[in-house]
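# Survey of secondary and tertiary structure
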Number of protein chains: 2
Amino acid sequence: MFSKTCEYAIRAVLYIAQMSKNGDKVSIKSISKGIDSPEHFIAKILQELSKKGLVQSLKGPTGGFYLSEQSKKHSLADIVRAIDGEKIFTGCGLGIGQCSEEFPCPIHNDFKMIRKKLFDLLQKTKVNEFNNQLEMQLAFLKKNHN
Amino acid sequence: MFSKTCEYAIRAVLYIAQMSKNGDKVSIKSISKGIDSPEHFIAKILQELSKKGLVQSLKGPTGGFYLSEQSKKHSLADIVRAIDGEKIFTGCGLGIGQCSEEFPCPIHNDFKMIRKKLFDLLQKTKVNEFNNQLEMQLAFLKKNHN
DNA sequence: ATTATAAAAGATATTTTTATCTTTTATTAA
DNA sequence: TTAATAAAAGATAAAAATATCTTTTATAAT
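Residues numbered from 1 in each chain as written. Chains lettered and ligands numbered in written order. Predicted model: local features only at pLDDT ≥ 70, side-chain atom pairs only at ≥ 80, totals over all residues. Heavy atoms only, no water.

For the pair chain A and chain B, the superposition axis carries a translation of 0.0 Å, the fit reaches an RMSD of 0.0 Å, and the rotation angle comes to 180°. Each copy turns onto its partner about a two-fold axis. Taking the C-alpha atom as reference, chain A places Met1(A) closest to the rotation axis, 2.4 Å from it. Mapped onto chain B, 100% of the interface residues of chain A again fall at the interface, so both copies present the same surface. (Least-squares fit on C-alpha atoms with pLDDT ≥ 70 in both. Contact = heavy atoms within 4.5 Å.)

Structure below.
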């Protein structure tokens, strides 16, 4: 559904949201362990998210990543859009460039509905809304949650 | 959503379904033009679909691709499964290997619902059900449909 | 039988995605 | 004000997906 980069991105932001909720900053090493992703790879991804204002960061000792009040209110859709672009929300299910209402692919309408559902879900879901579930271990961001 | 390979595969099968509905066979060249895909690439994809019994073929003059009575009844889900595998129907939205009811990722339930909708749609849609729409130019398999 | 046709098979090339490594810059603490 | 820390930036590498090219095999028409 999403690129691997995007999956890591979402998991990272949810992890940062939870770990930084009391003003702490979270290091790449911690993130990488917390979501079970390659350290250098997630570093690159966070660089990108940082440039686009979806996460904040500070260099140096006690530095790391955190979320501004604004960033906490971002939706999963914002992250997906920043990494994978609009295509997943608007593109044709069969990859036809000019698929449209006027010249639809055979599954145009069915897909439109599914994509809309996906978008609505991602749009309404904010990055800080899982903090408690994550803390209480009712939801997980990696496979080995021990 | 799907790999490009899979998008081509679906378009090719729908094209074959329509073009071969009266017993004709369809050449790779015709398919490639009809769905606007690289000729050698779609040849490879059809080889795979042929091996898996999703399309039939015959070599030599007057040869080409067609669909057996059985193949006409296949669903889009069958094609997706043959090319992209099960992952899109069952995999975790955030790419967590062991995501499950017991140890769910944060968006587990929402995604389960969307994936189910996607699967149901693809499962109930048969490859020959667009023949008329395609012929009447109410639906299209490529961008330049002139 | 021979030739032409069209898919199958196998090999290779290109591009994109994913991942890693090294150097630089900013910040803090001692 | 120096040393340590941690992210940013830039370069490189590996793997996977996409695309192309060549040779072989099966079939049909002559």
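By the element assignment, Asn131(A) lies in helix α8 (residues 131-135). By relative accessible area, which is 11% here, Asn131(A) ends up buried. (Helix = DSSP H or I, 4+ residues; strand = E, 2+ residues; numbered from the N terminus. Buried < 20%, exposed > 50% of the residue type's maximum accessible area, 1.4 Å probe, protein only.)

Let us now look at the packing of helix α2 (residues 28-35) of chain B against helix α3 (residues 39-51) of chain B. All names here are of chain B. Running from N to C, α2 and α3 cross one another at 110°; their axes reach a closest spacing of 9 Å. As the angle between them shows, α2 and α3 are arranged roughly perpendicular. As for how α2 packs across α3, the hand of that crossing is right-handed. From α2, Ile28, Lys29, Ile31, Ser32 and Ile35 reach across to α3, where they touch Glu39, Ile42, Ala43 and Leu46. Here the residues of the contact of α2 with α3 are counted per class, giving six nonpolar, one polar and two charged. (Axes fitted to C-alpha atoms, helices over the stretch in contact; angles between N-to-C directions. Parallel < 35°, antiparallel > 145°, perpendicular 65-115°, else oblique. Left-handed = near helix turned anticlockwise from the far one by under 90°. Nonpolar A, V, L, I, M, F, W, Y, C, P; charged D, E, K, R; others polar.)

Taken together, 27 residues lie around DNA strand C, and Phe41(A), Pro61(A), Lys44(B), Gln47(B) and Ser57(B) are the ones closest in. Counting only the atoms of DNA strand C within 4 Å of the protein, the fraction contributed by sugar and phosphate is 59%. Between DNA strand C and Thr5(A), the relevant distance is 2.9 Å, taken from a phosphate oxygen to a side-chain nitrogen or oxygen of the residue. Considering every element that reaches the surface near DNA strand C, the biggest residue donor is α3(B), with four residues. When grouped by side-chain class, the residues that make up the surface near DNA strand C number ten nonpolar, eleven polar and six charged. (Near = heavy atom within 4 Å. Polar contact = N/O pair within 3.5 Å; in protein donor to acceptor, adjacent residues only side chain to side chain.)

Turning our eyes to something else, we now look at the protein's contact with DNA strand D. Around DNA strand D, the structure places 27 residues, and the nearest of them are Ser27(A), Lys44(A), Gln47(A), Ser57(A) and Pro61(B). Atoms of DNA strand D within 4 Å of the protein: sugar and phosphate make up 58%, bases the balance. At a separation of 3.0 Å, a phosphate oxygen of DNA strand D approaches a polar backbone atom of Ile28(A). Sorting the residues of the surface near DNA strand D by element identifies α3 (39-51), β1 (56-58) and β2 (64-66) of chain A together with α1 (4-19) and α3 of chain B as the ones contributing at least two each. Here the element with the most residues in the surface near DNA strand D is α3(A); it accounts for four residues.

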